[in-house]
Amino acid sequence: MPDWVIWLMIPWFLFMIWFLSTGGYFMFRKFLKGMPKKDGKSDLDWQQYYIEKTHHLWSEEQKALLEELVQPVPQLFRDTAKQTIAGKIGELVVKENGKQLNEDFIIRGYIMATPKRDHKWLVETLERKQIDLTPYRELLQ
């Protein structure tokens, strides 16, 4: 076998290991979220429960705000991100016995459901929309 073939195979082999391990990592995370907890329901079951429980409270404006907030997420993962954030928002509404879904629930749910690196986009978006960030400073830290 020529030497150039071996030098071509080494980067290809390393790329495949990286590619498969990255995919395996995300699949494993999804698998763990689907595992039942002590109460018999998984994180995904609870997420779906909260979404169904509060689905009727969402207006078109609120859906548009959520859509705008998830814009930095790659298109491939955007639906999953929206579902996760909507589940957290629904959890807040249910636990606080909210009769109506408002901007406060959406912002707090977004902050709680997303990693800190995504909060920069939230702050920029809210400042552009001229929404006061003072009530959320503690959550953003």
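Residues numbered from 1 in each chain as written. Predicted model: local features only at pLDDT ≥ 70, side-chain atom pairs only at ≥ 80, totals over all residues. Heavy atoms only, no water.

Asker: Hey, could you run me through the packing of helix α4 (residues 75-95) against helix α5 (residues 103-113) in this one?
Answerer: In a pair of packed helices, the angle between the axes and the distance between the axes together describe the arrangement. Their axes nearest at 8 Å, the elements α4 and α5 cross at an angle of 120°. As the angle between them shows, α4 and α5 are arranged oblique. α4 and α5 meet at a crossing whose hand is right-handed. Contact with α4, carried on its side by T84, I85, K88, I89, L92 and V93, involves F105, I106, R108, G109, Y110, M112 and A113 of α5 and no other residues of that element. For the contact of α4 with α5, the class distribution of residues is nine nonpolar, two polar and two charged. (Axes fitted to C-alpha atoms, helices over the stretch in contact; angles between N-to-C directions. Helix = DSSP H or I, 4+ residues; strand = E, 2+ residues; numbered from the N terminus. Parallel < 35°, antiparallel > 145°, perpendicular 65-115°, else oblique. Left-handed = near helix turned anticlockwise from the far one by under 90°. Contact = heavy atoms within 4.5 Å. Nonpolar A, V, L, I, M, F, W, Y, C, P; charged D, E, K, R; others polar.)

Asker: Would you mind showing me how to read the nonpolar core here?
Answerer: For soluble globular proteins, the rule of thumb is that nonpolar side chains tend to be buried together. Of all hydrophobic cores here, the largest spans 27 residues; its most connected members are W58, I89, L101, I107, L122 and L140. Contributions of two or more residues to this core are made by α3 (60-69), α4, α5 and α6 (119-128). A total of six residues in this core trace back to one element, the largest contributor, which is α4. (Core = buried A, V, L, I, M, F, W, Y, C linked by side-chain atoms within 4.5 Å. Buried < 20%, exposed > 50% of the residue type's maximum accessible area, 1.4 Å probe, protein only.)

Asker: Please clarify how the environment of Y50 should be interpreted in this entry.
Answerer: When you line up the elements, Y50 lands in helix α2 (residues 43-54). Y50 sits in the buried class, given a relative accessible area of 9%. Separated by 22 residues in the primary sequence, Y50 and F28 place their C-alpha atoms 23 Å from one another. When neighbours within four sequence positions are excluded, Y50 is seen to be in contact with G87, G90, E91, V94 and K95.

Asker: Teacher, can you tell me more about the pattern of salt bridges here?
Answerer: Where charged atoms of side chains with opposite charge meet at close range, the side chains can pair. All told, the structure shown has ten salt bridges when counted by the stated rule. Note that D43 is salt-bridged to K37, the shortest N-O span being 3.9 Å. Taking the relative accessible area as the measure of exposure, D43 reaches 37% and is therefore partly exposed. You can call K37 partly exposed: its relative accessible area is 41%. (Salt bridge = Lys/Arg side-chain N within 4 Å of Asp/Glu carboxyl O.)

Asker: Just to check I follow, could you spell out the packing of aromatic side chains for this structure?
Answerer: Given two aromatic rings, their pairing is described by the distance between the two centres and the angle made by the two planes. By the definition in use, this model includes nine aromatic pairs. An angle of 20° between the planes, with centres 5.7 Å apart, marks the rings of F15 and F19 as stacked. Linking F15 with F19, this pair stays in helix α1 (residues 3-33), spanning four residues, or about one helical turn. Look at F15 and you get partly exposed, because its relative accessible area is 37%. Linked through ring pairs, W12, F15, W18 and F19 together constitute an aromatic cluster. Of note, R128 hangs over the ring of W121, and the distance from its end group to the ring centre comes to 5.9 Å. (Phe/Tyr/Trp six-rings, centres within 6.5 Å; stacked < 30°, edge-to-face > 60°. Lys NZ or Arg CZ within 6 Å of the ring centre and 35° of its normal.)

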